[in-house]
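Working through the structure, step by step
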Amino acid sequence: MQLEGSCHCGAVSFTLDSAHPYPYQRCYCSICRKTQGGGGFAINLGGDARSLKVRGRKHISIYHARLKDDGDKRAHRSSAERHFCALCGSGLWLFSPEWPELVHPFASAIDTPLPVPPEHTHLMLGSKAPWVEVEAHPGDQRFEVYPKESIAHWHERLGLTG
């Protein structure tokens, strides 16, 4: 499926191909919550990085989160790149050099109608904000940290690839 996305002010727009377009994965970590999730979580989709085409690239800023693991004295810079519109602040996509073939657009930036997922995965619940109520439905999965099942594997398990 080809996805079209944009920022709120229209300075940046993009397209990419996605075999994994279901917005099912709700991440409650503090990075997603603070950079993207007004409801206490963010939703990333899976896309083919080679297919990403961007208009208005000069208006994009990149943020590298600061991470501090238990026991670390200092925080370190994440290799993951969160792309935002520098003019309006809209989150656009995440790219990690650890998986150069992938790009993860934020579902909130996608203008293409997305399919409704048959179930959701709620992840990083161990770091969700206390005010956030997890609206899980029967069949939804919950994880304190990251699940082993990738975005691609979730789509494959449910027969939603294509």
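Since the model is a prediction, treat every value here as computed from it, not as a measurement.

The subject of this paragraph is the UniProt feature "domain: CENP-V/GFA" (unreviewed entry) in the chain. The UniProt record annotates "domain: CENP-V/GFA" (unreviewed entry) at residues 3-132. Between the end C-alpha atoms of residues 3-132 the distance is 29 Å, and the span holds 5% helix and 34% strand.

Turning our eyes to something else, we now look at the layout of surface pockets. Reported here for the largest pocket is a volume of approximately 1,000 Å³. Lining the largest pocket are 32 residues; nearest its centre among them are Asn44, Leu94, Trp99, His104 and Tyr146. It is helix 1 (residues 30-35) that contributes the most residues to the lining of the largest pocket, 3 residues altogether. Partitioning the lining of the largest pocket into residue classes produces 16 nonpolar, 11 polar and 5 charged.

Turning our attention to the pattern of salt bridges. In this structure the tally under the stated criterion is 3 salt bridges. Ionic pairing is found between Arg50 and Asp48, a salt bridge with its closest N-O pair at 3.2 Å. On the basis of relative accessible area, Arg50 is assigned to the exposed category, the value being 73%. You can call Asp48 partly exposed: its relative accessible area is 21%.

Before going further, it helps to spend a moment on the environment of Gly39. Topologically, Gly39 is positioned in the loop between helix 1 and strand 4 (42-43). Judged by relative accessible area, which is 45%, Gly39 ranks as partly exposed. Setting aside chain neighbours within four positions, we find Gly39 in contact with Trp131 and Val132.

The next subject is the nonpolar core. Ranked by size, the top nonpolar core spans 18 residues in total, and within it Phe14, Leu92 and Trp93 carry the most contacts. The set of elements that each furnish at least two residues to this core consists of strand 2 (13-17) and strand 11 (91-95). When sequence neighbours within four positions are dropped, the list of residues in contact with Phe14 reads Leu3, Glu4, Gly5, Ser6, Leu52, Lys53, Val54, Leu92, Trp93, Pro105, Ala109 and Ile110. Ranked by size, the runner-up nonpolar core spans 8 residues in total, among them Cys29, Ile31, Ala42 and Met124.

Right, let's talk about unusual backbone geometry for a bit. A positive phi angle is found at Met124, which is not glycine, with a value near 65 degrees. Mapped onto the elements, Met124 comes out in the loop between strand 13 (121-123) and strand 14 (141-142).

Counted according to the given criterion, the structure contains 4 aromatic pairs. Here the aromatic rings of Phe14 and Trp93 are separated by 5.1 Å at their centres, their planes lie at 65 degrees, and the arrangement is edge-to-face. Placement of Phe14 in strand 2 and of Trp93 in strand 11 is noted, with a sequence separation of 79 residues between them. A ring pair is formed by Tyr22 and Trp154, whose centres lie 6.2 Å apart and whose planes are at 55 degrees; its orientation type is tilted. On the criterion of sequence distance, the pair formed by Tyr22 in the loop between strand 2 and strand 3 (25-27) and Trp154 in helix 2 (residues 151-157) is long-range, its members being 132 residues apart. On the basis of relative accessibility, which here comes to 16%, the residue Tyr22 falls in the buried class. Cluster of aromatic residues (ring-pair linked, three or more members): Tyr22, Tyr24 and Trp154.

Conventions used here
Residues numbered from 1 in each chain as written. Predicted model: local features only at pLDDT ≥ 70, side-chain atom pairs only at ≥ 80, totals over all residues. Heavy atoms only, no water. UniProt positions renumbered as here; feature names shortened; annotations may be inferred. Helix = DSSP H or I, 4+ residues; strand = E, 2+ residues; numbered from the N terminus. 1 Å grid on protein atoms, 1.4 Å probe; cavity = no way out; pocket = protein on both sides within 12 Å on 5 of 7 lines; lining within 4 Å. Points joined across faces, edges and corners; volume = space filled by probe spheres on them. Nonpolar A, V, L, I, M, F, W, Y, C, P; charged D, E, K, R; others polar. Salt bridge = Lys/Arg side-chain N within 4 Å of Asp/Glu carboxyl O. Buried < 20%, exposed > 50% of the residue type's maximum accessible area, 1.4 Å probe, protein only. Contact = heavy atoms within 4.5 Å. Core = buried A, V, L, I, M, F, W, Y, C linked by side-chain atoms within 4.5 Å. Phe/Tyr/Trp six-rings, centres within 6.5 Å; stacked < 30°, edge-to-face > 60°.

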